[in-house]
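# Examination of the molecular architecture
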Amino acid sequence: FGLAAALGCALIWWKAERAAAPRLERAQLVELTGRVESVHSLAAENLVRLVVAPADRGLAERIRVNVEEEDVVPGLDSGATVRLRAWLMPPAPMAAPGGYDFARAAWFQRIGATGRALDVELVEPASTTDWRARVSGWRERLAAHVRERLRGGAEGGIAAALATGDQHGIPEAHAEAMRRSGLAHLLSVSGLHLTAVVGAVMLLTLKLLALSPALALRHRLILIAAGAGALAGIAYTLLTGAEVPTVRACIAALLVLAGIALGREALTLRLVAVGALIVLLLWPESLPGPSFQMSFAAITAIVALHEHPRVQALLSRRDEGGLARVGRFLLGLVLTGLAVELALIPIALFHFHKAGLYGAAANVVAIPLTTFVIMPLEALALLFDLVGLGAPFWWLAAQALSFLVGLAHAAAHAPGAVALLPPMPRRGFPLMV
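Okay, so let's go over this structure.

On inspection of all chains with the given rule, the structure shows three aromatic pairs. Centre to centre, the rings of Phe-350 and Phe-429 are 4.3 Å apart; their planes meet at 20°, and the pair counts as stacked. Taken as a pair, Phe-350 in helix 13 (residues 322–352) and Phe-429 in helix 16 (residues 428–432) lie far apart in primary sequence, 79 residues in all. Taken individually, Phe-350 and Phe-429 each receive the classification buried, so the pair is uniform in this respect.

Let us look at the nonpolar core. The biggest cluster of nonpolar side chains holds 47 residues, and the ones touching the most others in it are Val-146, Leu-150, Ile-158, Leu-183, Leu-194, Ile-374 and Leu-404. The set of elements that each furnish at least two residues to this core consists of helix 3 (131–149), helix 4 (153–164), helix 5 (172–180), helix 6 (191–209), helix 8 (221–239), helix 9 (244–262), helix 14 (359–385) and helix 15 (391–412). Considering each element in turn, this core owes the most residues, 10 residues, to helix 15. When sequence neighbours within four positions are dropped, the list of residues in contact with Ile-158 reads Ile-170, Leu-187, Leu-401, Leu-404 and Val-405. Formed by 21 residues, the second largest nonpolar core is a distinct cluster that contains Leu-24, Val-36, Val-67 and Leu-88.

A separate point is unusual backbone geometry. Despite not being glycine, Arg-110 has its phi angle at roughly 60°, a positive value. Among the secondary structure elements, Arg-110 is positioned in the loop between helix 2 (102–109) and strand 5 (111–124). On the accessibility criterion, Arg-110 (23% relative accessible area) is partly exposed.

By the bridge criterion, six bridges tie strand 2 (residues 47–54) to strand 3 (residues 62–68) in an arrangement that is antiparallel. Bridge pairing links Val-52 to Ile-63 in strand 3. Of the strand pairs in this sheet, strand 3 and strand 5 are connected by five bridges, and their pairing is parallel. If you follow Val-65 over to strand 5, its bridge partner there is Gly-115.

This part is about the packing of helix 5 against helix 15. Interhelical geometry of helix 5 versus helix 15 gives an angle of 65° and a closest axis separation of 8 Å. Crossing angle aside, the handedness with which helix 5 passes helix 15 is left-handed. Residues Ala-173, His-174, Ala-177, Met-178 and Arg-180 of helix 5 form the contact with helix 15, whose participating residues are Val-405, Ala-408, His-409 and Ala-412. Looking at side-chain class alone, the contact of helix 5 with helix 15 contains six nonpolar, two polar and one charged residues.

Attention shifts here to the sheet that holds strand 3. A barrel is described by the order of its strands in space; here five strands give the closed sequence 1-2-3-5-4, paired in mixed fashion. The average undirected angle you get between the axes of adjacent strands in this sheet is 50°. One ladder, built from nine bridges, connects strand 4 (residues 81–89) with strand 5; its direction is antiparallel. Directly across from Ala-86, in strand 5, lies its bridge partner Ala-117.

All right, on to helix 2 then. Those residues of helix 2 that sit buried are Phe-102, Ala-103, Ala-105 and Ala-106. Taken end-on, helix 2 shows its buried residues confined to a sector of 160°, consistent with a single buried face. Packing partners of the buried residues in helix 2 comprise strand 3 and strand 5. The opening residue of helix 2, the one whose side-chain oxygen lies 3.3 Å from the backbone nitrogen of Ala-103, is Asp-101. A positive backbone phi angle near 60° is found at Arg-110, which sits one or two residues after helix 2.

What counts as what
- Residues numbered from 1 in each chain as written.
- Predicted model: local features only at pLDDT ≥ 70, side-chain atom pairs only at ≥ 80, totals over all residues.
- Heavy atoms only, no water.
- Phe/Tyr/Trp six-rings, centres within 6.5 Å; stacked < 30°, edge-to-face > 60°.
- Helix = DSSP H or I, 4+ residues; strand = E, 2+ residues; numbered from the N terminus.
- Buried < 20%, exposed > 50% of the residue type's maximum accessible area, 1.4 Å probe, protein only.
- Core = buried A, V, L, I, M, F, W, Y, C linked by side-chain atoms within 4.5 Å.
- Contact = heavy atoms within 4.5 Å.
- Pairing = 2+ DSSP bridges.
- Axes fitted to C-alpha atoms, helices over the stretch in contact; angles between N-to-C directions.
- Left-handed = near helix turned anticlockwise from the far one by under 90°.
- Nonpolar A, V, L, I, M, F, W, Y, C, P; charged D, E, K, R; others polar.
- Arc of directions from axis to C-beta.
- Polar contact = N/O pair within 3.5 Å; in protein donor to acceptor, adjacent residues only side chain to side chain.

Set out below in structure tokens:
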């Protein structure tokens, strides 16, 4: 344990030094030329957010600027070269003790300045040979298409977030309702969404290949289905921007698929430990952040609960009527939701000083709704859009999304929906964990 802790400290020290980059010392007006690394539409605020790598790296390795929608020029895509005049300032530190420290996050992202662009001029369009720029362009066009088909609003913003990971189109009032109701995790592409994509591809591949007796008798179809699921998971991770939570979920999914291919029981606490080890080796700076802590606390609670012999005996399949099977499935959802909420409340209180009290009940409805209704409808709508027949599926998806938004507002505004606490002493957090 001592050796592992020493290696961890050395790793994060090396990573912090390696991430060091020039940072703006004071607010100033700057004119610069640089390459656009990412473009996000903040539809709810009528802004577009750019991350730009300046040609003059002495100013900063990367800068993040917001552009008014009316100032956006055609061809402003990832990989384009732009000239802009902007009011920049150093990355903001935490506003209050214990609050979110953007300056720390910016350090590891090598963002040395943030601000607002006053003028933007396209110098050179994006190269068609840069695969990152092409993937980013596909993601932006897909998000815009989804929002257009659902006519914007909360439904369009949430649908775009599920498809591409772009949460910037969700109006703030609805995003706050999702946070207060404990449903905000549905907006961030992570384990839930990746599992749905990988599981759907595996199931379809397995069922389609099993239609051929020759294939079914001569080959291990589960291996082929696992390979197809792995490719789908990697493609979905790249399409949604390969953010750290999504990459973490992809690593976990690949470990599960490897376990299935080896004939081993995949969902165990050993899997959680191996996944955490890989993530901490690659991104040691994620350890003190709420994203790492909440995702691994949730999966640990789920696996520990379902590994318990009494829970396994209670929820295992048996010869019984359909109503009893549905009831046992719902009981499993309720128990899982309660276990996850109990595991996450201390972390939420420590980082955000508040926690939703109706999250377990809301998630019992919202998670199956998102996994088995909204995401399949959205996938079918996009598929049938290729032949111009996606409108019925978009209408159904809009109804399901409206119900999800209504559920979030109902849970968020119920009496005593959110527990608020002042910042807790740091020594209290490990004791609660």
